[in-house]
Amino acid sequence: MLDPIDAQLIDRLHGGLPLSERPYADVATDLGLTEAEVLRRLQTLLANGLLTRFGPLFQIERAGGQFLLAAIAVPEADFERVAEQVNALPAVAHNYRRTHRLNMWFVVAGETPEQVTLACRQIEAETGLHVYAFPKEREFFVELRLSAQAAMAKQQHVQAASRGEPHVAH
């Protein structure tokens, strides 16, 4: 489970790391922790799957690579199996379930467009399903920030309400 300090750490890191010689030490200072504690918590969050990825975002096309949005129409009975197969590939960055015919959407990344094409072919070969590829035509910057602390507070409120506890606003 996510504890309040982990939620605070996730929210702090969401905006980026300080550009310094010891960025984790700087984050630790901001949160009243040690650098070792910040690193341990990040490793635990990744190991437990509460964080699936922690790293920089690049404009990969400038370096000759490619990001590709892709989708598959997966029979519901096979969804978990196919999700495991798709997620096992290092080239797959994100995977999302959707509620329409193309019910699995994911991002494929490669150092070259050819690597992305090969990854899509591999997914087709392993799953037996057609991969629909949606190459980027234009890029938009949308800075989506979801607060882990706010999500925890909401979850605590819902749990309290389900137990019949009154909501107290401060």
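So, here's what we can say about the structure. (Residues numbered from 1 in each chain as written. Predicted model: local features only at pLDDT ≥ 70, side-chain atom pairs only at ≥ 80, totals over all residues. Heavy atoms only, no water.)

With that settled, consider the sheet that holds strand S4 (residues 132–135). Reading across the sheet, the four strands line up as S2-S3-S1-S4 and stay open at both edges, with antiparallel pairing between neighbours. With partners counted over all chains shown, the strands left at the sheet margins are strand S2 (92–97) and S4, one partner each. On average, each strand axis in the sheet is tilted by 25 degrees relative to the strand beside it, whichever way the strands run. Where strand S1 (residues 66–72) meets strand S3 (residues 104–110), seven bridges bridge the pair, whose relative direction is antiparallel. Looking across to S3, one finds that Gln66 is bridged to Gly110. In the packing of helix H5 (residues 113–127) onto the sheet, contacts are made with S1, S2 and S3, and the angle to S3 comes to roughly 140 degrees. (Pairing = 2+ DSSP bridges. Helix = DSSP H or I, 4+ residues; strand = E, 2+ residues; numbered from the N terminus. Axes fitted to C-alpha atoms, helices over the stretch in contact; angles between N-to-C directions. Contact = heavy atoms within 4.5 Å.)

This part covers the packing of helix H1 (residues 4–14) against helix H3 (residues 35–47). Geometrically, a packed helix pair is captured by the angle between its two axes and the distance between the axes. Contact geometry for H1 and H3: axes closest at 11 Å, N-to-C directions at 95 degrees. When the axis of H1 is compared with that of H3, the two are roughly perpendicular. Across the interface between the two elements, Ile5, Asp6, Leu9, Ile10 and Leu13 of H1 pack against Val38, Arg41, Leu42 and Leu45 of H3. Of the residues belonging to the contact of H1 with H3, the class tally is seven nonpolar, no polar and two charged. (Parallel < 35°, antiparallel > 145°, perpendicular 65-115°, else oblique. Nonpolar A, V, L, I, M, F, W, Y, C, P; charged D, E, K, R; others polar.)

Moving on, we get to the nonpolar core. Ile72, Val86, Met104, Phe106 and Ile123 are the most contacted members of the largest nonpolar core, which totals 20 residues. At the level of secondary structure, the elements contributing two or more residues to this core comprise S1, helix H4 (79–87), S3 and H5. When residues no more than four places from it in sequence are discounted, the contact partners of Val86 are Ile72, Val92, Asn95, Met104, Phe106 and Ile123. Ala7, Leu9, Leu31 and Met152 belong to the second largest nonpolar core, which has 13 residues in total. (Core = buried A, V, L, I, M, F, W, Y, C linked by side-chain atoms within 4.5 Å. Buried < 20%, exposed > 50% of the residue type's maximum accessible area, 1.4 Å probe, protein only.)

In this model, the largest pocket occupies a volume close to 2400 Å³. The wall of the largest pocket is formed by 48 residues, among which Arg53, Gly55, Pro56, Leu57 and His94 lie closest to the centre. Listing elements by their share of the lining of the largest pocket, those giving two or more residues are H1, H3, S1, S2, S3 and S4. The greatest single-element share of the lining of the largest pocket, amounting to five residues, is contributed by S2. For the lining of the largest pocket, the per-class residue count stands at 30 nonpolar, nine polar and nine charged. Contributing to the lining of the second largest pocket are 13 residues, with Leu2, Ile10, Ala148, Ala151 and Met152 lying nearest its centre. Considering every element that reaches the lining of the second largest pocket, the biggest residue donor is helix H6 (residues 148–162), with six residues. (1 Å grid on protein atoms, 1.4 Å probe; cavity = no way out; pocket = protein on both sides within 12 Å on 5 of 7 lines; lining within 4 Å. Points joined across faces, edges and corners; volume = space filled by probe spheres on them.)

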